[in-house]
Amino acid sequence: MNSLLFLLPLFLLVAFPSPQPVHGNAEFRALMDLKSSLDPEDKLLESWTTDGDPCSGSFLGVACNEHHKVANISLAGRALSGRLSPAVAELKCLSGLYLNHNHLSGEIPREISNLNELVDLYLNVNNLSGSIPPEIGNLTSLQVLQLGYNQLVENIPEQMGSLKQLNALALENNSLTGQIPLSLGNLEMLRRLNLSFNNFSGVIPATLASIEHLEFLDIQNNSLTGTVPSALRRLREGFQGANNPGLCGAGFSTLRACKNNEFYVSQIGNSNNVSIYNNPPENFPKPANSQLHCNQSHCSKSRRLSHTIIEASVITITITIIFIGAGFFIFVRYRRQRQRVRNTSDSSEGQLSPNQPKEFYRRSPSPLVNLEFYYNGWDSLADGQNASGLYNEYLNYFRFNVDEVESATQYFSEANLLGKSKFLAVYKGVLRDGSLVAIRSISVTCCKTEEAELVKGLSILTSLRHENIVKMRGFCCSRSRGECFLIYDFATRGKLSQYLDMEDKAISLKKEEQATHMLEWSMRVSIIRGIAKGIEYLHSNEASKPTIVHQNISVEKVLLDHQFNPLIMDAGLPKLLADDVVFSALKVSAAMGYLAPEYITTGRFTEKSDIYAFGVIILQVLSGKTTIGGSIRMAVESFRFEDFVDTNLKGIYSKSEAAILSKLAILCTNELPDQRPTMVELIQELSMFPAHSS
């Protein structure tokens, strides 16, 4: 019996060895190589030290699984300026790689195809060049592939059609050329496909229309030709095809109708393509043989014991003790490492499906991550630890945690993605009390770096209280996640811009939908008055808030609630954003005509620049058009109502009120800022209107 007790510790060490540290092995060497390539100046990944343990939580953005293998690397928005090293292929158990919103250059390494466990690959918003490696088709576990906003060239490889698990593919804003491969029609699980702002030519493959789960297809701003497959009409607003001069189709709001000969030629083109290329090439590259697969003892799915001969004389009670001890050990490790991994999305603007079944929401691929991974940096700000006194109490009142944000958005499901820009993304969410919210995700690199300035800005945003300003519920900031989340009340009627340009949208909307999207005259007057009140509130200097210049007011920044009450969003937000993000938004504002002339010479925003943009909005609401050309302005100045008032009103409007609104629009858009009225004066003019316009 004594000999058996002597053998027990030895048996425990052999049968249940402690996980080997990453330090010193192939994964550690790969991480060090990755560090030197991603951060060549060694300024941003200083925590990746040669004497550290990547699985201890000390390595920024690195998360391991329960078997001490690197499972996720999350370095989004870290200002990394290097390259992606082929050494990443040595991280055999990597399931999530998030390097989006950085400044990485060079080509995508072909060796990345050896990551057989990879589920999420986010390389979007970088400066990557070269072509998409065909070997990427070997990533058979991949569910999300984000390569948008880079400098990629050449064709989409046919091999991408073998990514059978893929549900989101985003390649927008590159320089890709050639035809859209028919092999993409083999992606049976695909829900979102974004190919916009490239140089694709040829016809749209009919195979895309046969993808059962497809919800969103964006092909705008290419050189595509022919007829859009009629089956894609089921996507409704989920189909975006504008700015393809050679493209036509019936029942699409952004396309012109086809002529008879065009329809015939394009159908022949589709037919030929299907017959020749419908099946993917038989010589697809086979997955490269890897020395260390994740079903072997070195990786996360390993459950085998070491091949050690166990003496048959070990009695039953000894084995029982061993298994009890091992079970307790595994349970403790699981409890210490249990945490969800981020699952953000930079997909392009799409439509929400509010009744999406829960089984369609995809969770993170690797749920076991050290707790420390999420709770440093800005998380201390979110917890109010860097504030004191009233600020501490104030921040705690408006603070949300990561779990609440994940739960509200169904783990950032792409089905809940309302829209995105290069720097921001917006999700629909449901809080635990059942209320609807809009959650805005902002990359860390898009925010002001001064924490004190950020705290001050957040306190102002949460203090804004007006019937015509979107209410901010709270925030959640996390530097380790590389994101800050702003939680707002949800506006059920959407953006004001959705109710303009109705002539172009009439084809895609049913009659009953057209009726709900048609703004009657009284609604338009009420919306203009409400926007004015909201701006006047921002410009006022009250004890609870300073004077706020919006800087980017537009019909895209005005939401409508269930009673068509206008709500201005993004008030005060530019103060929290970095200069390059603000300048990027200004390019769009200038293109749409909202930017006041004096900004070009002064480079400054004032209350009068907001008033100029408000004048443009008046013209848009009166005419029902988002683009205000010179002919409309001339008609307004001449008070020729029949030439600029929205024809969808069928003449049912008040000419006296139209005259007053036209006059105000002219005054607001005066080139000289001193000649523009104040918001107080505008409110006085608008208050003369009756409560219910005729």
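What counts and how
- Residues numbered from 1 in each chain as written.
- Predicted model: local features only at pLDDT ≥ 70, side-chain atom pairs only at ≥ 80, totals over all residues.
- Heavy atoms only, no water.
- Helix = DSSP H or I, 4+ residues; strand = E, 2+ residues; numbered from the N terminus.
- Expected span 1.5 Å × (residues − 1).
- Contact = heavy atoms within 4.5 Å.
- Buried < 20%, exposed > 50% of the residue type's maximum accessible area, 1.4 Å probe, protein only.
- Polar contact = N/O pair within 3.5 Å; in protein donor to acceptor, adjacent residues only side chain to side chain.
- Salt bridge = Lys/Arg side-chain N within 4 Å of Asp/Glu carboxyl O.
- Axes fitted to C-alpha atoms, helices over the stretch in contact; angles between N-to-C directions.
- Parallel < 35°, antiparallel > 145°, perpendicular 65-115°, else oblique.
- Left-handed = near helix turned anticlockwise from the far one by under 90°.
- Disulfide = S-S within 2.5 Å.
- Pairing = 2+ DSSP bridges.

A. Here's a closer look at helix α17 (residues 655–668). Look at α17: 20 Å from first C-alpha to last across 14 residues, which is about the 20 Å you get at 1.5 Å a residue. Packing partners of the buried residues in α17 comprise α12 (521–539), α15 (607–623), α16 (630–637) and α18 (679–686).

B. Up close: the environment of R633. In this fold, R633 is placed in helix α16. What makes R633 partly exposed here is its relative accessible area of 27%. Not counting residues up to four positions away in its chain, the partners in contact with R633 are Y612, V616, L619, I628 and T669.

C. Just unusual backbone geometry, in detail. In this structure, H68 is a non-glycine residue whose phi angle is positive, near 65°. Topologically, H68 is positioned in the loop between β1 (62–64) and β2 (70–74). You will see that R236, though not glycine, has its phi angle at about 50°, which is positive.

D. Up close: the side chain of T462. Topologically, T462 is positioned in helix α9 (residues 451–463). Only 3.1 Å separates the side chain of T462 from the backbone oxygen of S459, close enough to count as a polar contact.

E. Representation of the pattern of salt bridges in the model. Overall, the coordinates contain 11 salt bridges when judged by the stated rule. Put simply, E556 and K495 hold a salt bridge, and the shortest N to O gap is 3.1 Å. Separated by 61 residues along the polypeptide, E556 in the loop between α12 and β20 (558–560) and K495 in the loop between β19 (483–489) and α10 (502–505) bring together distant segments of the chain. K495 gets classed as partly exposed once you look at its relative accessible area, which sits at 26%. Of the charged contacts, one joins R640 and D643 as a salt bridge, the two residues approaching to 2.8 Å between their closest N and O atoms. Residues joined in a network through salt bridges with shared partners are R440, K557 and D570.

F. Spatial organisation of the packing of α12 against α18. At a closest axis distance of 9 Å, the pairing of α12 and α18 adopts a crossing angle of 150°. Accordingly, the angle class assigned to the pair α12 and α18 is roughly antiparallel. Note on packing geometry: the crossing formed by α12 with α18 is left-handed. On α18, the residues touching I528, R529, A532, K533, I535, E536 and H539 of α12 are M679, V680, I683 and L686.

G. The state of the cysteines, seen in detail. Counted by the stated rule, this structure contains two disulfides. Paired by a disulfide, C248 and C258 hold their sulfur atoms 1.9 Å apart. Taking the torsion about the S-S bond as the criterion, the C248 to C258 disulfide, at about 100°, is right-handed. Note that C248 is positioned in strand β14 (residues 246–248) and C258 in the loop between β14 and α4 (260–277), a separation of 10 residues in sequence. On the basis of relative accessible area, C248 is assigned to the buried category, the value being 1%.

H. Examining the pairing of strand β17 (residues 436–443) more closely. Across the eight residues of β17, seven count as buried, placing the element largely inside the fold. Pairing between strand β16 (residues 424–430) and β17: seven bridges, direction antiparallel. Residue pairing across strands places Y427 opposite I439, the latter belonging to β17.

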